[in-house]
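Breakdown of the fold
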Amino acid sequence: MPVAHLPLTGGVAALAAGGGAVVLLIAAGAMDVDASLVSGTMQAIPAAALSRAAWVLVHHAARQADRMAAEAAKARGEALVAAGVRAGEREFANSLHDTAATTLLMVGTGQVRSDADWLARQARRDLDRLRSGSGPPPEEADLVELLRADLDATHLTVDFDSPARLRLPFGVARAIADAAGEALNNVRRHAGTTRATVRLSGDARALRLDIADQGKGFSAADVPVTRRGLRESVSGRMERVGGTATITSAVGEGTLVRLEWRAGDG
């Protein structure tokens, strides 16, 4: 029976039951039934009907609230999935920009000879990096190890100072290492120097990573809005894991990229 009909049905049943009781009491009048008992029974009839109707309405409201909560939970789940897909697509675009696109741009603009002895190794490394994003990641990673691995691909002389190891959640460690890698790519492409300094300090609760060079520097106002290197591959990556990136530079004074992260901020 539809829920909408239940209050009426319950009320009718309550009235019928109460009415039957009154008839019996009145029929027993010859037996000196107390009039107050009849009066009390008459008053109980509408009370029973109202009680039944109230219960049904509360039950109906509860079921409707459950349905609304389930629909809201489904919508939140779909929104989280969509956000995850967008984040994955954004990170793949960043990785493509930082690896294969950068390598091809250097060859295409003549910064690197197409027959350079390290180019084939770099291309294989770029491809491996893009493929690595398709598998399930580990829970943790050593940031120092990731940084050292990426230093080999910079083709710069890097003065690297860090703790022996620094384990972090994998997503955080990968984001910081990738942001540092892009900062070093910018040194190689734009700074006019082949040397850089990388300093890592802190621990798994809070850390700071400085990437500095003494190259030609730049003015932030002169960076085209279409350039995504610093905006997405450095600052954007740090923001997505709850960290920050601060870029300090001036023409003729080199550049300092400072990456900072604190546990619990992401």
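Since we're looking at a predicted model, the values are computed, not measured. (Residues numbered from 1 in each chain as written. Predicted model: local features only at pLDDT ≥ 70, side-chain atom pairs only at ≥ 80, totals over all residues. Heavy atoms only, no water.)

Here we come to the pattern of salt bridges. The tally for this structure, following the rule as stated, stands at 10 salt bridges. We note a salt bridge from E232 to R231, for which the minimum N-O separation is 3.9 Å. We classify E232 as buried; its relative accessible area is 17%. On the basis of relative accessible area, R231 is assigned to the partly exposed category, the value being 43%. Several salt bridges share partner residues, and in doing so they unite D150, R174 and D178 into one network. (Salt bridge = Lys/Arg side-chain N within 4 Å of Asp/Glu carboxyl O. Buried < 20%, exposed > 50% of the residue type's maximum accessible area, 1.4 Å probe, protein only.)

Bringing the packing of helix α4 (residues 143–151) against helix α5 (residues 170–191) into the picture now. Interaxial distance between α4 and α5 falls to 9 Å at its minimum, and their mutual angle equals 30 degrees. When the axis of α4 is compared with that of α5, the two are roughly parallel. As α4 runs across α5, the sense of the crossing is right-handed. Packed against α4, whose contacting residues are L143, L146, L147, D150 and L151, the element α5 presents A173, R174, I176, A177, D178, A180 and L184 at the interface. (Axes fitted to C-alpha atoms, helices over the stretch in contact; angles between N-to-C directions. Helix = DSSP H or I, 4+ residues; strand = E, 2+ residues; numbered from the N terminus. Parallel < 35°, antiparallel > 145°, perpendicular 65-115°, else oblique. Left-handed = near helix turned anticlockwise from the far one by under 90°. Contact = heavy atoms within 4.5 Å.)

All right, on to empty space enclosed by the protein then. Per the stated rule, a full pass over the model turns up 1 cavity of 30 Å³ or more. Taken as a whole, the largest cavity spans an internal volume of roughly 40 Å³. Around the largest cavity, the lining residues are L147, D150, L151, F160, A180, G181, L184 and V198. Looking at the lining of the largest cavity, the elements with two or more residues in it are α4 and α5. (1 Å grid on protein atoms, 1.4 Å probe; cavity = no way out; pocket = protein on both sides within 12 Å on 5 of 7 lines; lining within 4 Å. Points joined across faces, edges and corners; volume = space filled by probe spheres on them.)

This part covers the environment of S235. The topology assignment puts S235 in helix α6 (residues 229–240). For S235, a relative accessible area of 16% translates into the label buried. When the C-alpha positions of S235 and V257 are compared, they lie 9.9 Å apart, and in sequence the two are 22 residues distant. Ignoring sequence-local partners within four residues, the contact set of S235 consists of L230, A245 and I247.

What follows covers the nonpolar core. L143, L168, I176, L209, I211 and L259 are the most contacted members of the largest nonpolar core, which has 33 residues in total. Counting residues per element, the ones that place at least two in this core are α4, α5, β4 (195–202), β5 (206–213), α6 and β7 (255–262). Here this core gets 11 residues from one element, more than from any other, and that element is α5. Among residues more than four places away in sequence, those in contact with L259 are I176, A179, A180, L207, R208, L209, I211, V234, M238, T244 and A245. (Core = buried A, V, L, I, M, F, W, Y, C linked by side-chain atoms within 4.5 Å.)

The values reported here are purely geometric and, on their own, carry no functional implication.
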